[in-house]
Structures are given as structure tokens and as C-alpha cells.
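# A structural walkthrough
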Amino acid sequence: MLCILDLSRAISEQGKGQIEEKYGNLFRMYQKITGINAYTEPMRISPAAHFSMGGLWVDYELMTNISGLYAVGEANFADHGANRLGANSLLQACVDGYFIAPYRIPNYLADEIKTGPVDVNHSAFTAAEKAARQQLQRLLNIQGTMPADQFHKALGRILYDKCGLSRSRAGLEEAIASIRTLRDQFYSELSVPGGPDMNSELEKAGRVADYLEVGELMCYDALTREESCGAHFREEHQTSDGEAVCNDQDFAFTSAWEWAGAGQDPIWHKEPLRIDYVTPTVRSYK
Amino acid sequence: MRIQLRIWRQERQTKQGRLLDYSLQNVTPDMSFLEMLDMLNEQLIQKKERPVEFDHDCREGICGQCGLMINGRAHGPLPNTTTCQLHMRTFADGDTIYIEPFRATAFPIKCDLKVDRSAFDRIIQAGGYISASTGEAPEANSIPIRHDVAEAAFDAAACIGCGACVATCKNSSAALFTSDFRQGYPACFVAAGSDRGTAACAANGGSDR
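Residues numbered from 1 in each chain as written. Chains lettered and ligands numbered in written order. Predicted model: local features only at pLDDT ≥ 70, side-chain atom pairs only at ≥ 80, totals over all residues.

### Quick look at the overall build of chain B
- For chain B, the count of helices and strands is six helices and seven strands.
- When the helices and strands of chain B are placed in sequence order, the string is β-β-α-β-β-β-β-β-α-α-α-α-α.
- Across chain B, the fraction of contacts at a sequence separation of at least 24, relative to all contacts at a separation of at least 6, is 60%. (Helix = DSSP H or I, 4+ residues; strand = E, 2+ residues; numbered from the N terminus. Contact = placed C-beta atoms within 7 Å.)

Now the structure itself:
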């Protein structure tokens, strides 16, 4: 989809100076990316998937379900609604990092004040280190022909097309099947050069392995949500003129998915949203 | 486009590094500089050679990770532009491009183009903010701020802590960063108008982040 944003009338009515003052930074960004001067040529723009909502489940103090393990910033789900735009990620990074973590983590540590130094030879350390090394070695041992980037791009394409701007049951089911196939291919055809030292390709492969899990989960989650809400537009749930139809009766909750082990279906927890002062209504841009 | 690259390769801090030559075909003018390096790495991996290590994260000009010396200038030839926001159309077909890591004693090389900037991070942590009780925030519309003041405030917040000022300084000093930045202007923003000629500051603004 391509839209043309023609600013020639605004420029002739208000003058280039006015437009430059209001939108100069956007015009400069646009010129950097496209090489086109939007003061003299119409802008070519297109809707695009940009952010996804959700993240690790945390409690009110930003602690995950693992005691003592905190998730701050965009990694957690805490400040995400069904949509988020306009400096939300900076807000979360700054608020969580500056104002929440420094106060909540000491609260946890206060209970540990009598705990002595933890022995790094504890069996939990040994087991965790062994598991991490095994995972790295597993990726290095595949010795296939496809770099991690290719899997990353293929996964991105699936998610962009099927779990992006708009979603449908059929599309999401196809996406889940495609991701499972891609994951099998990843573990049989991945190519990581070098060894387990400083190695960006190995690091990237580890991330892509995680993306393959979380990408499937995103499709899974989108499939269960039979409504259109915020950035989640389900094609089955729209009015005849294409407006989103939400279902606050049945879907006023946050889905938290619990990892149940490799190859197991995740466990679905519903956290109801308690809304005291406002009533959710249909948001229309018309 | 056909591009010749001379890239600093250094396996680790304690090993001797050197410039190596690479040549790339089919570079498109729309590619970002980092996408061009991705393309090179993909070809190196295919040839079972060690890919070039370089820092990058958001690729939106916000995070300050992607610092490279490009033809001797921090972040390359464009003013107010980070490496990730530089596109290949800035270069001509057949150009030779020198790519080196940020050079400063305080930024030891980790591998190839990757440097350790944690010394800089510690300065940022120390000077990031102060705690002072300022009372409740007044209603924003009740305190009009002159447009030029608002613009200057934005400029003061534009530093992303990339370290290009240190890499550019002949003495590899962070003095420009600590003095100018903490008085309200990022050093490279000031330097943009000076004969030191760098303008690495990434004052892009306008992102939805």
C-alpha cells in the first residue's frame, strides 16, 4: 500500500519556513532515508508494523515469576496496553530504570541482608552454566549453510505478513505452521562461523533461536483473541466499512503465557483488567 | 554500486591489527552503511571467513552504539548523523572507504570495530540526573516557554552518548563531553560549528520511540 502525502499546498499557503519549523526534523529524516526532498516532491508513505505489545510477566514491583529476577524497560509488559506510540519505550526505559528499579530492588535485597556470599560452585550455578554452554555448542555444531540473518529475515517476513498490521485465523494458523518448519530448518541448516569466544554471529543465532519461540507465541496469543483492539486488528472482527470491532465483554484481560517446557503448549493465564473510572468505548478516527 | 573497503581487523585487544581490503559488488544506494556491512559479513560467512565485528543496536539513530570512523571521521561524512543513519548514496560508485574503530585509549578495542565504552558509560551514570525536590509539576499549558528556548532545550537533550566526541578529540579526551554537555549542549553539537569539523551528534528527533 502506498499513500502520497502532498505538502505543496500547505507550503504555498504557510511558507516553507513555517513547515520547516513544524516538521523540519521529519523532512530531514525522510531525505536521509529516501534521498527525496519532500519540500519539492510529494512524500511516499506507507503504513507499517512498528512495535509489538507485551513482554515478560512482572508483578507490581517489576519482579518476574522467578524470585529476585527483575525485568525492566521494554522487556516487561507492565506499561503496554493494546497499543503504544509516542515515546512509550523511552518512558518505560527511564521510569523503570531511574525511578522503579532503584527502589524496588533494595526492597528485595533487604530480606537477604543476613544471607552470606553465594557460592558459585553451588549446583544451580553449575547446572545453569552447563545448560548455557550446551546451547551454544548445539548452535555451533549444526555446521549448516544458512547464516542466522537469513532465518531472522524469514521469520520477520512471516510475522509481518501474518501477525502484523492485520491478522486472520487462517493467516495465524499458517504462520504457526511456517514458524515450526523454519525452526526445524534452523536447527538443521544454521551456519555459525568461529567458536564460543566473542562471536556476534553466535550471539545473533542465540537471539534468533529465542525469536523463533516468542514469534510463535505471539501468533498463538493473537489467535486466542477474538476481537480487534488497538494494534491487534483481526480481519474477522470489523464493521462493513472496515472499522475495528472490539469485544470488551469477553476480552477485558491480559493474557500471560507460562512456559511449560520445550515442545509443550504454553499454559494460558488470564489476568482480568479492573477498570474503575472510565468505560471502554469504540475509538473511531472518522 | 561497486565499493572498495579497507577495514581494521583485530582479533582481540592483545593481538596486532591491520587494515584488510574487501570489495563489494551490487551495493544499492538505498542501503544503510550497516546493511552494507551485513552484506559483507554474509559473504564472508558463506566463504567460511571470520565476519567483521561491529557494534549496533537500534539502527534508528537513538541508542548510540554504532560508532565507526569512516574515512577518518566519526560516523562518516554527514553532519548530525550516526553511522546507522548514513546511506550508501552518500558515496560514489567505485569509492574506497576506510572503516576503523573509534580510536581512544579510554575505548580499548574488543575485536575489529568493537570498542569497550564502559568508561564513558560511567561518566553518563555519574552525571545522568540529580535528585532535587521540585514540588508538583505545574500544568504545562500554564507556563509558556518561548519557542527558541524550547528548541534550545531540545538541542541540549539531543546527545545520545555515542562517544564520537572522544574519538574525534586529538587527545582522546572526554572533556568536551563532560563540560559542554553538562552545561546544556552536547559537545559534538558545539563542535559541528568548529574547525574540528566533526558533527557526529545524532540529533535526529522525531522518532516514535
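Having seen the structure, we can now continue with the description.
### Some thoughts on the overall build of chain A
- On a plain count of helices and strands, chain A comes out with eight helices and six strands.
- Reading the helices (α) and strands (β) of chain A from amino to carboxyl end gives β-α-α-β-α-α-β-α-α-β-α-α-β-β.
- Counting only C-alpha atoms, chain A reaches 75 × 55 × 40 Å along its principal axes.
- Across the 286 residues in chain A, those meeting the buried criterion constitute 16%. (Buried ≥ 20, exposed ≤ 12 C-beta atoms within 10 Å, placed from the backbone.)

### Focus: the sheet that holds strand 4 (residues 73–74) of chain B
Residues and elements named next belong to chain B.
- Across the sheet, which stays open at both edges, the five strands sit in the order 2-1-5-3-4 with mixed pairing between neighbours. The sheet is open, and its two borders are formed by strand 2 (18–24) and strand 4, each paired with just one other strand.
- With four bridges connecting them, strand 1 (residues 3–9) and strand 5 (residues 96–100) associate as parallel partners. Opposite Gln-4, over in strand 5, you have Thr-96 as the bridge partner. (Pairing = 2+ DSSP bridges.)

### Here's the deal with unusual backbone geometry
Residues and elements named next belong to chain B.
- Within the chain, Asn-71 stands out as a residue other than glycine whose phi angle is a positive 50°.
- Mapped onto the elements, Asn-71 comes out in the loop between strand 3 (69–70) and strand 4.
- In this structure Asn-71 comes out as partly exposed when scored by C-beta crowding, with 14 C-beta atoms within 10 Å.
- Residues other than glycine seldom take positive phi values, yet Asp-112 does so here, at roughly 50°.
- With respect to the helices, strands and loops of the structure, Asp-112 is situated in the loop between strand 6 (109–111) and strand 7 (114–115).
- Since 25 C-beta atoms lie within 10 Å of it, Asp-112 is described here as buried.

### With respect to the domain arrangement of chain A
All names here are of chain A.
- Assigned domains within chain A: domain 1 (3–45), domain 2 (52–109) and domain 3 (137–286).
- Every contact between the two is made by six residues of domain 2 and, on the other side, six residues of domain 3.
- Split by residue class, the side of domain 2 that touches domain 3 holds three nonpolar, three polar and no charged. (Domains from an automatic or database assignment. Nonpolar A, V, L, I, M, F, W, Y, C, P; charged D, E, K, R; others polar.)

### Here we look at the confidence of the model for chain A
- Residues with a pLDDT of 70 or more make up 100% of chain A, whose mean pLDDT is 91.
- Here helix 3 (residues 88–110) of chain A stands out as the element of chain A with the lowest mean pLDDT, 88, in contrast to helix 6 (residues 169–189) of chain A, whose mean of 97 is the highest. (pLDDT = per-residue confidence, 0-100.)

### Some details on the environment of Trp-268 of chain A
Residue and element names in this part refer to chain A.
- By the secondary structure assignment, Trp-268 is in strand 6 (residues 267–272).
- On the basis of neighbour count, Trp-268 is assigned to the exposed category, with 12 C-beta atoms found within 10 Å.
- Here the alpha-carbon distance between Trp-268 and Gly-195, two residues 73 residues apart in the chain, equals 38 Å.
- Apart from residues no more than four positions distant in its own chain, Trp-268 is found in contact with Ser-255 and Trp-257.

### Details of the packing of helix 6 of chain A against helix 7 (residues 200–224) of chain A
Residue and element names in this part refer to chain A.
- At their nearest, the axes of helix 6 and helix 7 sit 9 Å apart, and the two run at 160° to each other. With respect to helix 7, the axis of helix 6 lies roughly antiparallel. Judged by the sense of rotation from one axis to the other, the crossing of helix 6 with helix 7 is left-handed. From helix 6, Arg-169, Leu-172, Ala-175, Ile-176, Ile-179, Leu-182, Arg-183 and Phe-186 reach across to helix 7, where they touch Val-208, Ala-209, Leu-212, Gly-215, Glu-216, Cys-219, Tyr-220, Ala-222 and Leu-223.
- Considered class by class, the residues forming the contact of helix 6 with helix 7 number 13 nonpolar, one polar and three charged. (Axes fitted to C-alpha atoms, helices over the stretch in contact; angles between N-to-C directions. Parallel < 35°, antiparallel > 145°, perpendicular 65-115°, else oblique. Left-handed = near helix turned anticlockwise from the far one by under 90°.)

### Describing the interface of chain B and chain A
- Taken together, the contacts link 20 residues of chain B with 20 residues of chain A.
- Counting residues per element, the ones that place at least two in the side of chain B that touches chain A are helix 1 (33–46) and strand 6 of chain B.
- Top element by residues in the side of chain B that touches chain A is helix 1 of chain B. It accounts for three residues.
- Class assignment of the residues belonging to the side of chain B that touches chain A gives a composition of five nonpolar, six polar and nine charged.

### With respect to helix 6 of chain A
All names here are of chain A.
- Taking 1.5 Å of rise per residue, 21 residues should cover 30 Å, and helix 6 covers 30 Å from first to last C-alpha, within 8% of that figure.
- Every buried residue of helix 6 is accounted for by Gly-171, Leu-172, Ala-175, Ile-176, Ser-178, Ile-179 and Phe-186.
- Looking at the buried residues of helix 6, the elements they touch are helix 5 (148–162), strand 4 (190–191) and helix 7. (Expected span 1.5 Å × (residues − 1).)

### A few points about the nonpolar core
- Of all hydrophobic cores here, the largest spans 34 residues; its most connected members are Leu-37, Val-52, Leu-68, Phe-102, Val-166 and Ala-167 of chain B.
- If you list the elements that add at least two residues to this core, you get strand 1, helix 1, helix 4 (164–168) and helix 5 (175–182) of chain B.
- If we skip the residues at most four places from it in the chain, Val-52 of chain B touches Ile-7, Leu-37, Leu-40, Asn-41, Asp-112 and Leu-113 of chain B.
- Of all hydrophobic cores here, the second largest spans 21 residues; its members include Ile-158, Leu-190, Val-208 and Ala-222 of chain A. (Core = buried A, V, L, I, M, F, W, Y, C linked by C-beta atoms within 7 Å.)

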